[in-house]
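Reading the structure
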Amino acid sequence: MAGDYYAALGVRRDASPEEIKRAYRRLARELHPDVNPDPHTQERFKEVTQAYEVLSDPDKRQMYDLGADPFAASGAGPGGFAAGFPFSDIMDAFFGAGATTRGPRSRARRGRNATLRVELDLAECAFGTTRELVVNTAVVCPTCSGEGTAPGTHPETCEVCGGRGEVSQVTRSFLGQVMTTRPCPRCGGHGTLVPHPCPECDGDGRVRTRRTIKVPIPAGVEDGTHIQLAGEGEVGPGGGPPGDLFLEIVQRPHQIFERRGDDLHCTLTIPMAAAALGATLTVETLDGNHQVDIRPGTQSGQSIPLYGKGIQHLNDSGRGDLVIHVTVETPTKLDTEQERLLRDLARLRGEEAPPGKFAPGQHGFFSRLRDAFNGR
Ligand SMILES: [Zn+2]
Ligand SMILES: [Zn+2]
């Protein structure tokens, strides 16, 4: 089982005890499970610790140098040793207790963040809106003001740790005698006990409630936009500071408009005659009805931009555009009279050639079509 202990620590075979200690200290900081919980790293930490355990002990190191495995001799399991020590204890061992400052922990902790989905219409996304939201959240307990103690009572100093929140003990380890400090098991590190918890919040310092908040939503938000409302989350345990509330915008699909960035796109189907002769049509926009000029000779697939009729840019002035994509509708059911007129038109334009020989884009088509429709 024993690998190359010198290689594990990255030291030469004639390394001094001080060099070995320094190498282990550097690796322990890097590999300790409290710092790096990755399983592969933990495996490496065990190897390194085992190597240090052998090489830092003159007797074991001598055995190892002579070709014996001290672990096999002693029967101690590899790695079951320092891995069980909290990282801070190892650092305490190297730097002396107190290198990591601790003390009584406050009961107050920050509240969690919360996320709320808000569905908006396209127009609300475009122009912004104000929403009243009902939030199910935790607020500071009105009975104890977050203290968690029953009215008229106070927290009592913990008799086990004397209010320090931590207890010290000296243990033997591979480093010799080590003074370790741990959170006090009696008071959980708080230094105080609450003998009479507040009856309303059970000592938690907060109660659940429904709260209504009015939230302004800026123009230009889109599907997936997150709006952070600092401090609007739930109050923390022990009356700790509140977390944040995040609004996640969900944009409802629109019947007519498709949003691409801050531009809107829609399709407008117009009759063949209107495309050929030109027309003025009323179209719907987010700002209400709008007159659009269809130029004579408009083709299927052409687009008409309405500048500034799109979505307001978020946190910026100006708006996107509304792009109208024109589709020309070819008539499908012609009565006898309509068919005769179209045949006359085709004959006038010399378009009676069989299919395949029709030459599109002939000059003068639209003016003549217009004349034909106007009865000239
Ligand atoms: Zn309370
Ligand atoms: Zn205590």
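In short, a report on the structure. Counting restarts for each chain: residues are numbered from 1 in the order of the written sequence. Each chain takes a letter, starting from A, and each ligand takes a number, starting from 1, following the order in which they are written. Owing to the predicted nature of the model, reporting of local features is limited to residues with pLDDT of at least 70; listing and counting of side-chain atom pairs is limited to 80 or more, with chain, interface and lining totals taken over all residues. Side-chain measures were taken over the full set of non-hydrogen atoms in the model, leaving aside hydrogen atoms and water.

1. So, helix α3 (residues 39-55)
Worth spelling out the cut-off: The helix and strand labels rest on DSSP assignments: H or I over at least four residues marks a helix, E over at least two residues marks a strand, and numbering proceeds from the N terminus. Every helix has an expected span of 1.5 Å times one less than the residues it contains. Partly exposed describes any residue whose relative accessible area lies between the buried limit of under 20% and the exposed limit of over 50%, with all areas from a 1.4 Å probe on protein chains only and scaled to the type maximum.
Over its 17 residues, α3 extends 24 Å from the first C-alpha to the last, a length consistent with the 24 Å expected when each residue adds 1.5 Å. Among all positions of α3, only T41, F45, V48, T49, Q50, A51, Y52, E53, V54 and L55 are buried.

2. Quick notes on the coordination of the zinc ion (ligand 2)
Note the following rule: Coordinating donors are taken to be N, O and S atoms lying within 2.8 Å of the metal, or within 3.2 Å when the metal is Na, K or Ca; because water is excluded from the atom set, some sites may appear incomplete.
Protein coordination of the zinc ion (ligand 2) is provided by C158 (SG), C161 (SG), C184 (SG) and C187 (SG), with donor distances spanning 2.2 to 2.3 Å. Sequence positions of the donors to the zinc ion (ligand 2) reduce to the motif C-x2-C-x22-C-x2-C. Classification of C161 as buried rests on a relative accessible area of 7%.

3. Some thoughts on the coordination of the zinc ion (ligand 1)
Protein ligation of the zinc ion (ligand 1) involves C141 (SG), C144 (SG), C198 (SG) and C201 (SG), the donor distances falling in the range 2.3 Å. Summarised as a motif, the one-chain spacing of the donors to the zinc ion (ligand 1) is C-x2-C-x53-C-x2-C. Pair noted here: C141 is in the loop between β2 (129-140) and β3 (156-157) and C198 is in the loop between β6 (192-193) and β7 (206-217), with a separation of 57 residues, a long-range link. Note on C141: relative accessible area 1%, which makes it buried.

4. Side note on unusual backbone geometry
At D202, a position not held by glycine, the phi torsion is positive, near 60°. For D202, the location among the structural elements is in the loop between β6 and β7. Phi at N315 takes a positive value of approximately 55°, unusual for a residue other than glycine. Looking at the element boundaries, N315 is found in the loop between β14 (303-306) and β15 (322-329). For N315, a relative accessible area of 71% puts it in the exposed group.

5. Looking at the nonpolar core
The test is simple: Here the nonpolar core consists of buried residues drawn from Ala, Val, Leu, Ile, Met, Phe, Trp, Tyr and Cys, with membership extended through side-chain atoms lying within 4.5 Å.
Among the nonpolar cores identified, the biggest contains 20 residues, and L9, V11, I20, Y24 and L55 are the most heavily contacted of them. For this core, the secondary-structure elements that each account for two or more residues are α1 (5-9), α2 (17-31) and α3. By size, the runner-up hydrophobic cluster in this structure holds 19 residues, among which are L122, F257, I304 and I311.

6. Regarding the sheet that holds strand β11 (residues 263-271)
Formally: Two strands qualify as a pair provided DSSP detects at least 2 bridges between them. Structural elements are reduced to axes, namely lines fitted to C-alpha atoms, with helices fitted over the stretch in contact, and the angle between N-to-C directions of any two is expressed from 0 to 180 degrees.
If you trace the four strands from one edge of the open sheet to the other, you get β10-β11-β15-β14, paired in mixed fashion. The two strands at the open ends of the sheet, each matched to only one other strand, are β10 (258-260) and β14. Across the sheet, the axes of successive neighbouring strands diverge by a mean angle of 30°, strand direction being ignored. Here β10 runs beside β11; their pairing, made up of three bridges, is antiparallel. Across the sheet, R260 pairs through a bridge with D263, a residue of β11.

7. Focus on the sheet that holds strand β8 (residues 226-229)
Strands sit in the order β1-β9-β8 across an open sheet of three strands; the sheet is mixed. Pairing within the sheet leaves two strands with one partner each, and these edge strands are β1 (114-120) and β8. Each neighbouring strand pair of the sheet contributes to a mean axis angle of 25°, computed without reference to strand direction. Of the strand pairs in this sheet, β8 and strand β9 (residues 245-251) are connected by four bridges, and their pairing is antiparallel.

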